[in-house]
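Summary of the model geometry
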Amino acid sequence: MHVYLNGLYWGITGLHERPDDKFAEEYFGGEAEDYDVLRHNSGNVVAGDNVAYNQMFTLARGGLATPATYEALQQQLDLPWFIDYMIINYWAGNDDWAHQNWYACRPRTAEGRWRYLSW
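Residues numbered from 1 in each chain as written. Predicted model: local features only at pLDDT ≥ 70, side-chain atom pairs only at ≥ 80, totals over all residues. Heavy atoms only, no water.

Turning next to the overall build of the chain. Looking only at helices and strands, the chain features four helices and six strands. Ordered by position from N to C terminus, the α and β elements of the chain give β-β-α-β-β-α-α-α-β-β. Against the globule reference of 14 Å for 119 residues, the chain gives a C-alpha radius of gyration of 17 Å, more extended than a compact globule. Along the first, second and third principal axes, the C-alpha atoms of the chain reach 60 × 35 × 25 Å. (Helix = DSSP H or I, 4+ residues; strand = E, 2+ residues; numbered from the N terminus. Rg over C-alpha atoms; globule rule 2.2 N^0.38 Å.)

Here it is in structure tokens:
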């Protein structure tokens with residue numbers, strides 16, 4: 001894109017934001033080092049670690065048929081955020097996302113929940 005600041009031409013740049021730990025700090029608050037961030041798969045750790053993510057998936061794979069397990073999942077996943085994330089990717093027809101090209105982050109606190117970020 002072409003960049004103009006106060007009417008002065010500054011040149012051409014690529015406008016792209018990476019949802020990493022610095023992104024989480026800026027948009028969600030706290031400090032960058034307080035976040036777990038994953039990119040593209042559970043093994044690609046950008047910041048922090050994947051322990052809580054793997055625990056969330058173990059719970060989900062065990063089945064969510066009971067209210068107790070469904071409630072436990074909601075303690076680890078920001079479900080309204082996840083619903084919005086799924087809707088935007090399906091609605092937009094994003095076929096370059098489910099197998100790759102996603103980020104997820106969570107603050108490392110007792111109430112920290114995973115959020116998937118469109119990228």
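Next up on the list: a nonpolar patch on the surface. Side chains of I83, I87, I88 and W91 sit close together on the surface and give an oily, nonpolar patch of about 470 Å² of accessible area. The topology assignment puts I87 in helix α4 (residues 79–91). (Patch = residues over 30% accessible without salt bridge, like charges linked within 9 Å, V, L, I, M, F, W, Y side chains within 5 Å. Areas by Shrake-Rupley, 256 points an atom, 1.4 Å probe, with all protein chains shown as cover. Salt bridge = Lys/Arg side-chain N within 4 Å of Asp/Glu carboxyl O.)

What follows is about the pairing of strand β5 (residues 103–107). For a regular strand, side chains alternate in direction, first toward one face of the sheet and then toward the other. Counted residue by residue, β5 has four buried out of five residues, so it is predominantly covered. Pairing of strand β3 (residues 35–39) with β5, which is carried by five bridges, proceeds in the antiparallel orientation. In the sheet register, D36 faces β5, and the bridge partner there is R106. Here β5 pairs with strand β6 (residues 115–117) via three bridges, running antiparallel. Paired with Y103 across the bridge in β6 is L117. (Buried < 20%, exposed > 50% of the residue type's maximum accessible area, 1.4 Å probe, protein only. Pairing = 2+ DSSP bridges.)

With 13 residues, α4 should reach 18 Å at 1.5 Å per residue; the first-to-last C-alpha distance of 18 Å fits that figure. Within the sequence span of α4, burial applies to L79, Y85 and N89. Along the axis of α4, the buried residues cluster in a sector spanning 115 degrees; they form a single face. Exposed residues pointing more than 90 degrees away from the buried face of α4 are listed as P80, D84, I87 and W91. On the buried face of α4, the contacting elements are α3 (67–74) and β6. Phi turns positive one or two residues past the end of α4, at G93, with a value near 70 degrees. (Expected span 1.5 Å × (residues − 1). Arc of directions from axis to C-beta. Contact = heavy atoms within 4.5 Å.)

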